[in-house]
Amino acid sequence: MSKLTESPAWQALRLHHAAIENVHMRQMFGEDPARFRKFSLEFDRLLFDYSKNRINDQTVRLLIELAEQARLPVWIERMFGGDRINNTEHRAALHTALRNRSGRPVPVDGKDVMPDVLRVLGSMRRFSDAVRNGEHRGHTGKAITDIVNIGIGGSDLGPQMVCESLKPYAADNLDVHFVSNIDSSHLTDTLNRLDAETTLFIVSSKTFTTQETITNARSARAWLVERLGNEHAVARHFAAVSTNLEATSKFGINPENVFEFWDWVGGRYSLWSAIGLPIALYVGMDRFEELLGGAHAMDEHFRHAPLDKNIPVLMGLLGIWYGNFFKADTNTMFPYDQHLHRFPAYLQQLDMESNGKRVDRDGQTVDYDTGLIVWGELGSNGQHAFFQLIHQGTRLIPSDFLAPMHSHHPLGEHHAIMMANCYAQTEALMLGKTAEEARAELKAQGLQGATLEALLPHKVFPGNKPTNTLLFDRLDPHTLGMLIALYEHKVFVQSVVWNINPFDQWGVELGKQLAGKILPELRDAASASSHDASTSSLIDYYHQHR
Ligand code: F6P
């Protein structure tokens with residue numbers, strides 16, 4: 001057994017789990033009228049209700065002991081303080097510095113990074129203002145009407161999710177598009193709708209070596225040059241965001257339109273950096289800074305609130321409670337807000353690329369489960385698709401429900417109906433429906449005897465399914481910043497307890513290496529080397545059918 005599973009806090013949780021495993025939340029709510037007050041927190045107009053979880057006072061106390069045993073407060077300070085906590089890449093993880101609005105310095109190896117952060121924010125403001133007010137025009141003198149962000153993973157999902165979430169704040173005269181997929185249909189479908197004279201491309205890539213992004217960027221460049229008939233047009237129609245300034249200049253991007261960030265910003269944590277340029281263009285730099293402000297507010301909460309009053313800490317620990325003790329495999333999130341429709345996809349990268357690790361910080365194979373599988377869908381839509389499995393399937397699936405108190409587009413009873421559905425789901429998941437309740441309902445409908453008994457088991461809901469509910473006032477930039485930072489810190493909390501490095505992603509490398517080897521073999525049948533029988537046959541099939 002590893003140190004973690006042998007530890008006193010872990011062992012105490014195992015014993016406690018055995019004692020509480022079969023206790024129903026109906027009973028817990030029945031026995032404790034103060035349960036909601038006890039297990040909910042409010043911070044900056046964000047309500048976190050975690051009372052519909054399979055926990056009692058002792059569970060929370062033991063989970064906090066687990067966090068203390070893992071020295072979570074020390075790790076939090078190490079992260080904020082710029083220590084090189086990404087130990088396999090020897091880097092700090094300082095996404096919090098990108099949204100540091102406190103005026104405090106943030107040193108990395110004794111050098112304050114804040115002057116560089118503020119300088120790039122200033123360049124983003126100048127550039128986004130110039131494009132938005134028509135000062136920066138296309139090669140033929142027309143104002144820019146469309147931004148195309150070319151990137152993938154963290155250089156796509158974060159800015160895309162934020163732009164979708166903040167649509168109500170967008171300028172009328174500027175649209176934004178995201179091209180990530182190497183399937184040429186993505187680029188082609190996007191460009192078919194656009195006019196080269198009024199289109200600005202942002203090539204977003206931390207490394208500027210990502211095959212998909214560079215290939216899409218080259219094709220976009222060729223499209224632009226062909227349409228505008230002039231290589232010089234590239235200077236006014238291409239910008240880049242990267243840590244690799246040598247590569248952006250090699251690609252031929254005007255250095256005035258290059259926005260840098262630094263190796264201490266992880267790809268999936270980068271939307272706060274210049275990777276957020278499409279956000280600044282779409283909603284304006286003031287709104288982008290409000291987003292940073294919201295994240296900073298959550299950072300301060302995470303850094304200073306006591307562990308048992310700390311929303312990201314509690315969310316992270318609840319995930320561990322279900323993943324490691326109840327053996328839940330997945331964790332879902334259901335935003336009841338149309339504008340958050342890309343949030344689950346964004347969260348999948350954030351969580352699974354961070355905590356999908358099988359060795360600990362010292363390279364030892366872990367003997368406990370780490371990152372849960374994350375999935376989700378817009379609230380009301382999901383109800384009519386897969387909620388059946390959550391209610392009556394055999395697996396335990398802890399879920400987060402997110403909803404605003406106010407819609408950006410109030411319309412009749414829409415919001416009340418949406419909220420009724422959101423609340424009804426968490427209530428149904430917690431309460432379930434007993435055989436007695438189901439029998440009484442069927443009898444009231446006129447059923448009896450064998451017909452009633454045959455239907456009865458299908459009408460029973462076990463309930464006792466855990467949920468968190470997060471309510472916020474309105475999906476504005478500040479609130480969105482808070483929500484994103486909340487999930488970032490939740491992921492960090494879990495990584496600390498599991499003793500894994502959440503800031504590297506070596507698991508994506510093998511596929512990239514092998515794709516590099518297979519590509520020449522697809523280009524030229526003669527160059528085929530030996531693979532396993534399946535892969536060789538698939539390569540042959542490709543040549544036979546092209
Ligand atoms: O392959 C995974 C990954 O490296 C992600 O971590 C990253 O967000 C994405 O690819 C894109 O990388 P880049 O910004 O360097 O193009």
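Refer to the preceding data block for the structure.
Residues numbered from 1 in each chain as written. Predicted model: local features only at pLDDT ≥ 70, side-chain atom pairs only at ≥ 80, totals over all residues. Heavy atoms only, no water.

Explain the pairing of strand β11 (residues 373–376) to me, using residue names and the numbers behind them.
Sheet topology places strand β10 (residues 330–335) next to β11; four bridges connect them, and they run parallel. Bridge assignment links asparagine 331 to a residue of β11, and that residue is valine 374. (Pairing = 2+ DSSP bridges. Helix = DSSP H or I, 4+ residues; strand = E, 2+ residues; numbered from the N terminus.)

Can you break down the pattern of salt bridges residue by residue, with the values?
Counting across every chain of the model gives 27 salt bridges. Of the charged contacts, one joins lysine 433 and glutamate 441 as a salt bridge, the two residues approaching to 2.9 Å between their closest N and O atoms. Put simply, Arg101, Arg125, Asp286 and Glu289 are held in one network by salt bridges that share partners. (Salt bridge = Lys/Arg side-chain N within 4 Å of Asp/Glu carboxyl O.)

Go over the sheet that holds strand β6 (residues 175–179) with me, naming the residues and quoting the values.
Taking strand neighbours across the sheet as the criterion, the five strands line up as β6-β5-β7-β8-β9 in an open arrangement whose pairing is parallel. The sheet terminates laterally at β6 and β9 (258–260), the two strands that pair on one side only. Across the sheet, the mean angle separating the axes of adjacent strands is 20° when strand polarity is ignored. Note that strand β8 (residues 238–242) and β9 share three bridges and pair parallel. Looking across to β9, one finds that serine 242 is bridged to glutamate 260. Each of β6 and β7 (199–204) touches helix α10 (residues 184–192); the most contacted strand, β6, lies at about 160° to it. Strands in contact with helix α11 (residues 211–228) are β5 (146–150), β6, β7 and β8; relative to β7, the strand with the most contacts, it is inclined by about 160°. (Axes fitted to C-alpha atoms, helices over the stretch in contact; angles between N-to-C directions. Contact = heavy atoms within 4.5 Å.)

How would you sum up the pairing of β10? Please name residues and give values.
Most of β10 sits out of view: six of its six residues are buried. Of the two faces of β10, both are covered, the one formed by Thr330, Thr332 and Phe334 as well as the one formed by Asn331, Met333 and Pro335. For the handedness criterion, the β-α-β arrangement of β10, helix α17 (residues 343–355) and β11 is classed as right-handed. In this sheet, strand β12 (residues 399–404) lies alongside β10 in parallel orientation, the contact comprising four bridges. Bridge assignment links phenylalanine 334 to a residue of β12, and that residue is phenylalanine 401. (Buried < 20%, exposed > 50% of the residue type's maximum accessible area, 1.4 Å probe, protein only. Right-handed = clockwise from strand over helix to strand, strands pointing away.)

A description of the site of the ligand should follow, citing residues and the corresponding values.
Around the ligand, the structure places 13 residues, and the nearest of them are Ser155, Ser205, Lys206, Thr207 and Thr210. At 2.8 Å, a backbone N or O of glycine 154 approaches an oxygen atom of the ligand. A distance of 2.6 Å is found between an oxygen atom of the ligand and a side-chain nitrogen or oxygen belonging to serine 155. With the chains in place, 88% of the 390 Å² that the ligand exposes on its own is no longer accessible. Residues that form the shell around the ligand fall into these classes: two nonpolar, eight polar and three charged. (Near = heavy atom within 4 Å. Polar contact = N/O pair within 3.5 Å; in protein donor to acceptor, adjacent residues only side chain to side chain. Areas by Shrake-Rupley, 256 points an atom, 1.4 Å probe, with all protein chains shown as cover. Nonpolar A, V, L, I, M, F, W, Y, C, P; charged D, E, K, R; others polar.)

Pulling in residues and values, what's your account of the packing of aromatic side chains?
The description of two aromatic rings rests on the distance between their centres and on the angle between their planes. Counted according to the given criterion, the structure contains 27 aromatic pairs. Relative to phenylalanine 251, the ring of phenylalanine 208 lies with its centre 6.0 Å away and its plane at 80°, an arrangement referred to as edge-to-face. Separated by 43 residues along the polypeptide, phenylalanine 208 in the loop between β7 and α11 and phenylalanine 251 in helix α13 (residues 245–251) bring together distant segments of the chain. Each of the two residues, phenylalanine 208 as well as phenylalanine 251, counts as buried. Pairwise contacts between aromatic rings join Trp10, Trp321, Tyr322, Phe325, Phe326 and Tyr368 into one cluster. In this structure, arginine 35 is placed above the aromatic ring of phenylalanine 29, and the distance from its NZ or CZ to the ring centre is 5.1 Å. It is arginine 99 that lies over the ring of tryptophan 272; its NZ or CZ is 4.5 Å from the centre. (Phe/Tyr/Trp six-rings, centres within 6.5 Å; stacked < 30°, edge-to-face > 60°. Lys NZ or Arg CZ within 6 Å of the ring centre and 35° of its normal.)

Help me get a handle on the nonpolar core, residues and values and all.
With 123 residues, the main nonpolar core has Met124, Trp264 and Leu480 as its most contacted residues. When residues of this core are assigned to their parent elements, the largest contribution, 13 residues, is made by helix α23 (residues 477–498). Excluding residues within four positions of it along the chain, tryptophan 264 makes contact with Ala92, Ala93, Leu94, His95, Ala97, Leu98, Val113 and Val117. With 25 residues, the next largest nonpolar core counts Val203, Ile214, Ala247 and Val258 among its residues. (Core = buried A, V, L, I, M, F, W, Y, C linked by side-chain atoms within 4.5 Å.)

Can you break down the environment of threonine 370 residue by residue, with the values?
Relative to the helices and strands, threonine 370 resides in the loop between α17 and β11. Take threonine 370: its relative accessible area is 12%, and that puts it in the buried class. Sequence spacing of threonine 370 and threonine 213 is 157 residues, and the spatial spacing of their C-alpha atoms is 30 Å. Discounting chain neighbours no more than four positions away, the residues touching threonine 370 are Asn355, Lys357, Trp498 and Ile500. Polar contacts involving the side chain of threonine 370 include one to the main-chain carbonyl oxygen of lysine 357, which spans 2.8 Å.

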